[in-house]
Amino acid sequence: MNLLEQIHSPADLRKLPKEQLPALAEEIRRFVIETVAKNGGHLSSNLGVIELTLALHRAFDTPSDRIVWDVGHQAYTHKLITGRKAKFCSLRQVDGLSGFPKRDESEYDCFDVGHASTSISAALGMACARDATGGREKVVAVIGDGSLTGGLAFEGLNQAGHLKKDFILILNDNEMSISPNVGAVSSFLSRKMTSDLFIKFKKETENFLTHLPGFGRDLLSLAKRAEDSLKGFLTPGMLFEAFGFDYIGPIDGHNLEELEETLRNVKRLNGPVLVHVLTRKGKGFAAAESDPATFHGVGPYDAQTGVVHKKAGAAPSYTSIFGETLVKMAQEDKRLVAITAAMLEGTGLKAFAERFPERFFDVGIAEQHAVTFAAGLACRGMRPVVAIYSTFLQRAYDNVLHDVCLQNLPVTFAMDRGGLVGADGPTHHGVFDYSYLRHIPNLVFMVPRDEVALQRTMATALQHDGPFAYRYPRGESEGLPQPTEITPAPIGRGEKLRDGKDGVIFAIGTMVGEALKAAEALAGEGLELAVVDAVFLKPLDRDLMLEEARRTGRVITAEENVLQGGFGSAVLELFEQEQVDSVRTLCIGLPDEFVEQGTQQQLRQRHGIDAAGMAERIRKWYA
Ligand SMILES: Cc1ncc(C[n+]2csc(CCOP(=O)(O)OP(=O)(O)O)c2C)c(N)n1
Ligand SMILES: CC(=O)[C@@H](O)[C@H](O)COP(=O)(O)O
Ligand SMILES: [Mg+2]
């Protein structure tokens, strides 16, 4: 029987006899596996919370009761049972369903997400608003153990315990972030924690007591008798109870009956309550269970075997070139250390971590800490490279400014996923970094146009004695031959790649290749444009830019960043400072709006920043 077809809303789900729930869960599991096999997406996390999601929607009265998902990468079951099954085939595609909860998409989506550790703060805000307005609904935040490593989550816990609001926190503990979870809290939660901690405590106590003169051995036998009560005393719940939460659990997150009954009971409680739920990431799909990190965020794969499709003849990704080059550089320079905020695989640092474990740090989902920690390392002579997605560095703006740049410390920000990232959409596009970093004094910001330039950029950063940022895009590189030698670039020097008398395109990063193609196409129509690779967003090559602008009288800028405060703005500021008023300018880049999801190519096309779009804009401008 097709049960999922009968579920149009959680009200239908609540009518379903509980005996049918396991079959529904299996149907959902298969449907998710098959859809993600075509569209790509966050498989492992979703497979782990199917039962939990069904239990939540049965126990609580959604949409009146509020479920606030953390990160939101695990909300596929939630989407399927809240009226979005028919559209589910469009998941993560252009104009389709988002991969994350979105308030615009459904009344069941309470908070827009994509970045981690926001759920407690957002849900607590909702609980306070409820109390201020006489509401009676329940507010439930669902956070993973990985997302709980974020400082923001603890800021929320701290206030929640203090306010004592009626507030339910579900801790979905699968012992995994994207990679195995890290940190002291994570080991405290660990299923082995109770016994490990207990054994250590016991050993130390025994040691201490046997060495006490006289009555030590009597005390030892007394302590042995206290073992059982001690075992019960040391639980992960102690942490949350210290924060003022009632702790319930741990409970089996795949046992539908136990889940539903517990949640129904919890619903009757008042005050902050934490329910500790144990789940398995990738549950029910062998390939994902055995390798949850690969299937955390995955491209298309075979829905039966789990073999991930690989594009034949694909060039290496920018990420892998970065990772390999960093290993080579670390062999030469012992000061180099690498830091990731829970993105070991995503930032290409796996080989580095294996090769130099003592110079590698995964700090958890803690971007702010990653940056200030790097500042500390740099203060003592190390050369830290913070490998981070552009979108996640947004979290650490003040740490970059106050802890690194103000002290002119040699910390490098290697920003992966610069520019449009594709299917993750607006929460993840790295299209703001030019604007949020460019104005910070002391920072050098270099933007490679291809993978050879990336390696040169990395060498330049390492030899520079101050803060340095560079960004490179998600996905395949240009497939260029590897350079035999990597030499640092002179700081602030651009590169003229093409000559032309009618105007000049100043392009940066990914836009350099597009600008060259656009100039080529326009040359065929009789419009001769020069192309300059700016190479540096900061400092700009002022001399080259001024010379080219004055020579041609018309300047086009091109960037994969919002125009506001970006590269084009930097060029306009230069012209204003130098009183260049005879030059006409056209700035091409992304608009002052959040760009939706789609493939990178579709989005570049839609926003006119691919070669064809750029040529069209320039053609009209000259007409
Ligand atoms: C601020 C921020 N940093 C990093 C990420 C990337 N990220 C997405 S999910 C995830 C792991 C989350 O682990 P957990 O909360 O335990 O959920 P699970 O995937 O185990 O279900 C990470 C690191 C993010 N989305 N936001
Ligand atoms: C939800 C999240 O933040 C990550 O899982 C992210 O989707 C990974 O993106 P990449 O696929 O580009 O590594
Ligand atoms: Mg987890």
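Criteria and thresholds
Residues numbered from 1 in each chain as written. Chains lettered and ligands numbered in written order. Predicted model: local features only at pLDDT ≥ 70, side-chain atom pairs only at ≥ 80, totals over all residues. Pairing = 2+ DSSP bridges. Helix = DSSP H or I, 4+ residues; strand = E, 2+ residues; numbered from the N terminus. Axes fitted to C-alpha atoms, helices over the stretch in contact; angles between N-to-C directions. Contact = placed C-beta atoms within 7 Å. UniProt positions renumbered as here; feature names shortened; annotations may be inferred. Near = placed C-beta within 6 Å. Nonpolar A, V, L, I, M, F, W, Y, C, P; charged D, E, K, R; others polar. Domains from an automatic or database assignment. Parallel < 35°, antiparallel > 145°, perpendicular 65-115°, else oblique. Left-handed = near helix turned anticlockwise from the far one by under 90°. Buried ≥ 20, exposed ≤ 12 C-beta atoms within 10 Å, placed from the backbone.

A few words on the sheet that holds strand S8 (residues 383–389). If you walk across this open sheet you meet the seven strands as S7-S6-S8-S9-S11-S10-S15, and the pairing is mixed. Either end of the sheet is taken by a strand with one partner, and the two such strands are strand S7 (360–362) and strand S15 (536–538). Pairwise comparison of adjacent strand axes, ignoring direction, gives a mean angle of 20° for this sheet. Bridging between strand S6 (residues 336–340) and S8 involves five bridges; their strand directions are parallel. Along S8, the bridge assignment pairs Thr-340 with Ala-387. Its contacts with the sheet place helix H21 (residues 451–463) against S6, S8, strand S9 (412–416), strand S10 (444–446) and strand S11 (468–471), and it is angled at close to 170° to S11.

So, about the UniProt feature "domain: Transketolase-like pyrimidine-binding" (unreviewed entry) in the protein. In the numbering used here, UniProt assigns the "domain: Transketolase-like pyrimidine-binding" (unreviewed entry) feature to residues 316–480. With 39% helix and 16% strand, residues 316–480 has its two end C-alpha atoms placed 10 Å apart.

The next subject is the site of ligand 1. In the vicinity of ligand 1 lie 22 residues, with Ser-45, Ala-116, Gly-144, Gly-146 and Ser-147 positioned nearest. A class-by-class count of the residues in the shell around ligand 1 yields eight nonpolar, ten polar and four charged. A domain split of the shell around ligand 1 shows at least three residues from each of domain 1 (58–73 + 89–275) and domain 2 (318–471).

This next bit is on the UniProt feature "binding site: thiamine diphosphate" (unreviewed entry) in the protein. When the UniProt feature table is mapped to this numbering, "binding site: thiamine diphosphate" (unreviewed entry) covers His-73, Gly-114, His-115, Ala-116, Gly-146, Ser-147, Asn-174, Phe-285 and Glu-367. For this annotated set, covering 295 residues, the C-alpha atoms extend up to 31.5 Å from each other, a dispersed arrangement in space. Mapping Gly-114 onto the fold places it in the loop between helix H5 (76–80) and helix H6 (119–132). Its place among the elements puts Glu-367 in helix H17 (residues 367–379). Residues within four places of Glu-367 in sequence aside, it is in contact with Ala-341, Ile-388, Phe-392, Leu-393, Arg-395 and Ala-396.

Right, let's get into the site of ligand 2. Residues in close proximity to ligand 2 include His-42, Val-71, His-73, His-296, Gly-297, Gly-346, Arg-417, Val-421, Asp-424 and Arg-474, which together make up its full environment. Along the lines of polarity and charge, the residues of the shell around ligand 2 split into two nonpolar, five polar and three charged.

Our focus in this paragraph is the packing of helix H22 (residues 511–523) against helix H26 (residues 611–622). Across the interface, H22 lies against H26 with an axial gap of 8 Å and an inter-helix angle of 50°. As the angle between them shows, H22 and H26 are arranged oblique. For the crossing formed where H22 meets H26, the hand is right-handed. Where H22 approaches H26, its residues Glu-514, Ala-515, Lys-517, Ala-518, Ala-521 and Leu-522 are matched on the opposing element by Ala-611, Met-614, Ala-615, Ile-618 and Arg-619. Tallied by class, residues from the contact of H22 with H26 come to eight nonpolar, no polar and three charged.

Further remarks concern the environment of Cys-405. Secondary-structure assignment places Cys-405 in helix H19 (residues 397–405). According to the C-beta neighbour criterion, Cys-405 is buried, with 20 such atoms within 10 Å. Excluding residues that lie within four positions of it along the chain, Cys-405 makes contacts with Val-400, Ile-440, Pro-441, Asn-442, Leu-443 and Pro-467.

With that settled, consider the domain arrangement of the protein. Split by domain assignment, the protein resolves into domain 1 (58–73 + 89–275), domain 2 (318–471) and domain 3 (495–622). On a C-alpha basis, the centroid separation for the pair domain 2 and domain 3 is 26 Å. Opposite the 22 residues of domain 2 that make contact, domain 3 presents 29 residues. Secondary structure elements with two or more residues in the side of domain 2 that touches domain 3: helix H20 (433–437) and S10. Among the residues making up the side of domain 2 that touches domain 3, the classes are represented as twelve nonpolar, six polar and four charged.

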